[in-house]
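Chain and residue survey
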There are 2 protein chains.
Amino acid sequence: MKLTEIIENSGEWLKGDGPHRNIVVSSRVRLARNLRSKPFPGWAKKAERIEVLKIVKSAVEQLPEMEDAYTENLEALSPLEKQVLVERHLISREHAAKGVGSGVVMNVNQSLSFMINEEDHLRMQAICCGLQLDKVFAMINQADSELEPMLDFAFHPQLGYLTACPSNVGTGMRASAMLHLPGLVMSDQMNKIINSVNKIGLAVRGLHGEGTEAMGNLFQVSNQTTLGEAEEEIISRLNDVIVKIIEHECNARQLLLQKKPVTLLDQIGRAYGVLSYAHSISSKEALNLLSVIKLGTDLNLFPDENRIVVDELFIETQPAHLQKGAHVQKMSADERDTLRASLIRAKLQVVPKPDIAKIATQPLGTTENDE
Amino acid sequence: MKLTEIIENSGEWLKGDGPHRNIVVSSRVRLARNLRSKPFPGWAKKAERIEVLKIVKSAVEQLPEMEDAYTENLEALSPLEKQVLVERHLISREHAAKGVGSGVVMNVNQSLSFMINEEDHLRMQAICCGLQLDKVFAMINQADSELEPMLDFAFHPQLGYLTACPSNVGTGMRASAMLHLPGLVMSDQMNKIINSVNKIGLAVRGLHGEGTEAMGNLFQVSNQTTLGEAEEEIISRLNDVIVKIIEHECNARQLLLQKKPVTLLDQIGRAYGVLSYAHSISSKEALNLLSVIKLGTDLNLFPDENRIVVDELFIETQPAHLQKGAHVQKMSADERDTLRASLIRAKLQVVPKPDIAKIATQPLGTTENDE
């Protein structure tokens, strides 16, 4: 499979369906694994990294679920192509900085991706839409079990899996969900939520993980600890917390609708107006306004069949996706802002103006009955 | 004639036509006159003011051009009604604060208005659209000549007409034009213009005269001095300066169109988007965005036949007009903002979205050949 196919098709996590789909953009689990008696990538010499890459890649490519996979060494990718994969959450920002001796393997529907020689020898990720942490854990657990006989993973009987960074030792697992929380942001409750979640050992981060800003009202909630708890317990605890956050978000939306309907309609209307007619728009402003349109869709102001247009714009308006789409390697920020506005104007033409008569009154913004 | 007729009909200065109509919203001249041997309104006792009001009103009502005039004592008007007249530039903010002993008289098309016992016994104003200072001066000069035999004006052979404030002694005349200068504002040239204009003894003020903020890119340029120069000279000098400012404004627009077409289209598009879909909008934001739509019309992005819709919204979205239209005496700022947004949404439906293909390339924003 070629990279263009990855780029031209939305991943399953974006276009699929799942429980609480409107609020939970995606669920994700990644495992960190390392080969016994090989130095961690950060310490390894170039030749050692190339050797590990060869061993791990060959094993991953043999997995039955990786048939017709996209597989590449990082030095073969341009910075722009790597950035496209980052914007799709298929590789990390750190991995995009790697070159010779590192690689990626991902399946057709982008639900499974493997980074070789990122911080660890192998980081494997499963991602799907909605709140389905059990499902993504099952997917990655199966891949892990299939790889186990082929690769000699560094495992310590007391500590568990050994990793380059001590914070990952144990399960080597990070489970997370990307949540769209405009209601909590608009009603100034997000800091309170972040504090409570932190207190129980979970982390809340921005769109692109650690150290990134929350844009588009998107927040990633994940486990912090990897030691002293079984994978299933971590997943179950995280799931419970996310269900609580969804409840809070629904309540916040309900309250906004009851107490500040005009403010809500105003924000949604303005977002639609600006996105429909602007000729220059930054990535950050686009995300923030698209988030409001997404909320408007949850509130029935926009037709549900247009949901995918808006969801795809979240990805398509990112800098690398824009440039890749225009087949331009180098582009100034101004040029990107103009191109972004014209893409949004064009795509948003199918979305009719907000239909106030159809505004939801309750239950809001989620599809709890989907489960 | 009744006040409702004044309120329901745009004045001639708003819906009429005139040279440089796109940039010069209106031309205006007012004369200050006082009766000999009567104390100025600020010093007069109530009975004296009532007497002067009676004398002056009776004379004004006899003018042939004031047939079927709207005439009223200020105590008969509610604060809201007075504010409506202020927003139409038919009376001053100061006059709106007056009650017993003060009055107004204005003609059907709102081109002539007379304030009795404002700062002076009589302040009479002529206003019309476009750059027509000669015409408004002729109008007011005729009214003055017609009143002269009926009223014994305080006139000093050396000083000229005597007025309550020394700054008006002499001609008692203030001539002004309201200019729409978005090009100069967007290209940060307005301060330079204001400084140059001040240096030659003319004043540049905001929308509602002295001490008011410039909103909607509207600026009032007027003479400062009333002594030592004949009326015609003042008018001619002011006219020359305004013609220069129009030139600068046209050049600024041309330059923006050449150097920053995307910024220009972006601002116009965003203004259209926000005005079309907002559900709450302040008076100030409305004026500023309407100003950008007005510029867009000058640049051919909106049909010329919709110009009046936008021009009328400048007046109709003002607080008192909004409330008067809704037949509500008291309204909170929030309620007004919601009502304003809904009025604009409704009215703007007739204005099609910006048609980029039709964008003007030159000569811009004025109708110099109208003259």
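Residues numbered from 1 in each chain as written. Chains lettered and ligands numbered in written order. Predicted model: local features only at pLDDT ≥ 70, side-chain atom pairs only at ≥ 80, totals over all residues. Heavy atoms only, no water.

**Focus on the overall build of chain A**
Summing up its helical and strand segments, chain A has 14 helices and ten strands in all. The C-alpha atoms of chain A give 21 Å as radius of gyration, which agrees with the globular expectation for 371 residues (21 Å, within 12%). Seen through its C-alpha atoms, chain A measures out along the principal axes to roughly 65 × 45 × 30 Å. Looking at the 371 residues of chain A, the share that counts as buried comes to 58%. Restricting the contact set of chain A to residue pairs at least 6 apart, pairs at least 24 apart contribute 73%. About 15600 Å² of surface is accessible on chain A, with carbon and sulfur atoms providing 51% of the total. The positive charge centre, built from 40 side chains, and the negative charge centre, built from 48, are 5 Å apart in chain A. (Helix = DSSP H or I, 4+ residues; strand = E, 2+ residues; numbered from the N terminus. Rg over C-alpha atoms; globule rule 2.2 N^0.38 Å. Buried < 20%, exposed > 50% of the residue type's maximum accessible area, 1.4 Å probe, protein only. Contact = heavy atoms within 4.5 Å. Areas by Shrake-Rupley, 256 points an atom, 1.4 Å probe, with all protein chains shown as cover. Lys, Arg positive; Asp, Glu negative; His and termini not counted. Charge placed at Lys NZ, Arg CZ, Asp CG, Glu CD.)

**Overview of helix H14 (residues 333–348) of chain A**
Residue and element names in this part refer to chain A. An ideal rise of 1.5 Å per residue puts 22 Å on 16 residues; H14 measures up with 22 Å between its terminal C-alpha atoms. Restricting attention to buried positions, one finds in H14 the residues Arg336, Asp337, Arg340, Ala341, Ile344, Arg345 and Leu348. Projected down its long axis, H14 shows its buried positions confined to an angular sector of 170 degrees, all on one face. (Expected span 1.5 Å × (residues − 1). Arc of directions from axis to C-beta.)

**Digging into the packing of helix H11 (residues 283–298) of chain B against helix H12 (residues 307–316) of chain B**
Residues and elements named next belong to chain B. With their axes 10 Å apart at the nearest point, H11 and H12 run at an angle of 160 degrees to one another. Taken together, the axis directions place H11 and H12 in an arrangement best described as roughly antiparallel. Taken as a pair, H11 and H12 cross one another with a handedness that is left-handed. Of the residues in H12, those in contact with Leu287, Leu290, Ser291, Ile293, Lys294, Thr297 and Asp298 of H11 are Arg307, Val310, Asp311, Leu313 and Phe314. (Axes fitted to C-alpha atoms, helices over the stretch in contact; angles between N-to-C directions. Parallel < 35°, antiparallel > 145°, perpendicular 65-115°, else oblique. Left-handed = near helix turned anticlockwise from the far one by under 90°.)

**Focus: the pattern of salt bridges**
With the rule as written, the count across this model stands at 38 salt bridges over all chains. In this structure, arginine 270 of chain B and glutamate 285 of chain A form a salt bridge, with 2.9 Å as the shortest nitrogen-oxygen distance. In this pair, arginine 270 of chain B sits in helix H10 (residues 261–277) while glutamate 285 of chain A sits in helix H11 (residues 283–298), so the two residues belong to two different chains. Taking relative accessible area as the criterion, glutamate 285 of chain A reaches 26% and is therefore assigned partly exposed. For arginine 270 of chain B, the salt bridge is made with aspartate 266 of chain B, and the minimal N-O distance between the two is 3.0 Å. Of this pair, arginine 270 of chain B and aspartate 266 of chain B both sit in helix H10, separated by four residues, roughly a single helical turn. One exposure class covers both arginine 270 of chain B and aspartate 266 of chain B, and it is buried. (Salt bridge = Lys/Arg side-chain N within 4 Å of Asp/Glu carboxyl O.)

**As for the relation of the copies chain A and chain B**
At an RMSD of 0.0 Å, chain A and chain B line up after a rotation of 180 degrees and a shift of 0.1 Å along the axis. Expressed as an axis order, the relation between the two copies is that of a two-fold axis. In terms of proximity to the rotation axis, the leading residue of chain A is glycine 273 of chain A, whose C-alpha is 1.8 Å off the axis. A share of 100% of the interface residues of chain A reappears at the interface of chain B, consistent with the copies meeting face to face through the same patch. (Least-squares fit on C-alpha atoms with pLDDT ≥ 70 in both.)

**Here's the deal with the side chain of lysine 324 of chain B**
For lysine 324 of chain B, the position within the fold is in helix H13 (residues 319–325). In contact with lysine 324 of chain B, not counting residues within four places along its chain, are Ile7, Leu80, Glu81 and Val84 of chain B.

**Some words on the sheet that holds strand S4 (residues 112–116) of chain A**
All names here are of chain A. Spatial strand order, S2-S3-S4-S5-S1-S8-S10-S9: eight strands in an open sheet with antiparallel pairing. Strand pairing shows two members of the sheet lacking a second neighbour, strand S2 (70–73) and strand S9 (202–205), which therefore form its edges. Across this sheet, the average inter-strand angle for adjacent strands is 15 degrees, counted without regard to direction. The pairing of strand S8 (residues 173–180) with strand S10 (residues 218–223) spans five bridges and is classified as antiparallel. (Pairing = 2+ DSSP bridges.)

**A word on the domain arrangement of chain A**
Residue and element names in this part refer to chain A. For chain A, the domain assignment lists domain 1 (3–10 + 29–175) and domain 2 (260–349). Just the C-alpha atoms count here: the centres of domain 1 and domain 2 sit 31 Å apart. Across the contact, nine residues belong to domain 1 and ten residues belong to domain 2. When the two sides are added together, the surface that domain 1 and domain 2 hide from each other amounts to roughly 870 Å², 64% of it contributed by carbon and sulfur. Of all residues in domain 1, Ser10, Leu80 and Glu87 give up the largest surface area on contact with domain 2, accounting jointly for 61% of the area buried on that side. If you look at where domain 1 meets domain 2, you find one salt bridge. (Domains from an automatic or database assignment. Buried area = accessible area lost by both parts, 1.4 Å probe.)

**A word on the pairing of strand S9 (residues 202–205) of chain B**
For a regular strand, side-chain orientation follows a simple rule: the groups alternate between the two sheet faces. Residues and elements named next belong to chain B. Neither face of S9 is left uncovered, since the one carrying Leu202 and Val204 and the one carrying Ala203 and Arg205 both have all their residues buried. By the bridge criterion, four bridges tie S9 to strand S10 (residues 218–223) in an arrangement that is antiparallel. Bridge pairing in S10 places arginine 205 opposite glutamine 220.

**Comments concerning the sheet that holds strand S5 (residues 122–129) of chain B**
All names here are of chain B. Spatially, the eight strands line up as an open sheet ordered S2-S3-S4-S5-S1-S8-S10-S9, and their pairing is antiparallel. Both outer strands of the open sheet, strand S2 (70–73) and S9, are each paired with one neighbouring strand and no more. Pairwise comparison of adjacent strand axes, ignoring direction, gives a mean angle of 15 degrees for this sheet. Alignment of strand S1 (residues 24–33) against strand S8 (residues 173–180), held across seven bridges, turns out to be antiparallel. Along S8, the bridge assignment pairs leucine 31 with methionine 173. Of the strands in this sheet, S9 and S10 touch helix H8 (residues 190–199), which is tilted by about 150 degrees from S9.

**Considering the packing of aromatic side chains**
In the structure shown here, the tally under the stated rule is eight aromatic pairs over all chains. Between phenylalanine 153 of chain B and tyrosine 161 of chain B, the aromatic rings sit 6.5 Å apart at their centres with planes inclined by 80 degrees, giving edge-to-face as the arrangement. Of the two residues examined, phenylalanine 153 of chain B and tyrosine 161 of chain B, each falls in the buried class. An aromatic cluster is defined as three or more aromatic residues linked by ring pairs; in this entry it consists of Phe153, Phe155 and Tyr161 of chain A. Seen from the ring of tyrosine 161 of chain B, arginine 33 of chain B lies directly overhead, with NZ or CZ sitting 3.5 Å from the centre. (Phe/Tyr/Trp six-rings, centres within 6.5 Å; stacked < 30°, edge-to-face > 60°. Lys NZ or Arg CZ within 6 Å of the ring centre and 35° of its normal.)

**Quick word on the nonpolar core**
As a rule of thumb, soluble globular proteins bury nonpolar side chains together. With 76 residues, the main nonpolar core has Leu275 of chain A together with Leu264 and Leu275 of chain B as its most contacted residues. In this structure leucine 264 of chain B touches Met186, Leu256, Leu257, Leu295 and Leu299 of chain B, once residues within four positions along its chain are discounted. (Core = buried A, V, L, I, M, F, W, Y, C linked by side-chain atoms within 4.5 Å.)

**Description of a negative patch on the surface**
A surface patch of like charges, here negative, comprises Glu5, Glu8, Glu67 and Asp68 of chain A. Relative to the helices and strands, glutamate 5 of chain A is located in helix H1 (residues 3–8). (Patch = residues over 30% accessible without salt bridge, like charges linked within 9 Å, V, L, I, M, F, W, Y side chains within 5 Å.)

**A few points about unusual backbone geometry**
Residues and elements named next belong to chain B. Backbone geometry places aspartate 68, a non-glycine residue, at a positive phi of 55 degrees. Relative to the elements of secondary structure, aspartate 68 occurs in the loop between helix H3 (46–61) and S2. Phi angles above zero are rare outside glycine, and histidine 89 is one such case at about 65 degrees.

**Side note on the interface of chain A and chain B**
Each side of the interface is counted separately: chain A has 19 residues, and chain B has 19 residues. Interface area, chain A with chain B, both sides summed: about 1600 Å², of which 63% is carbon and sulfur. When residues of chain A are sorted by the area they lose upon contact with chain B, Arg270, Tyr277 and His279 of chain A head the list and together hold 42% of the total. Counting every contact that joins chain A to chain B gives two salt bridges. The tally of links from chain A across to chain B stands at eight residue pairs in polar contact (both at pLDDT 80 or more). Broken down by element, the residue count for the side of chain A that touches chain B peaks at nine residues, all from helix H10 (residues 261–277) of chain A. Residues that form the side of chain A that touches chain B fall into these classes: nine nonpolar, six polar and four charged. (Polar contact = N/O pair within 3.5 Å; in protein donor to acceptor, adjacent residues only side chain to side chain. Nonpolar A, V, L, I, M, F, W, Y, C, P; charged D, E, K, R; others polar.)

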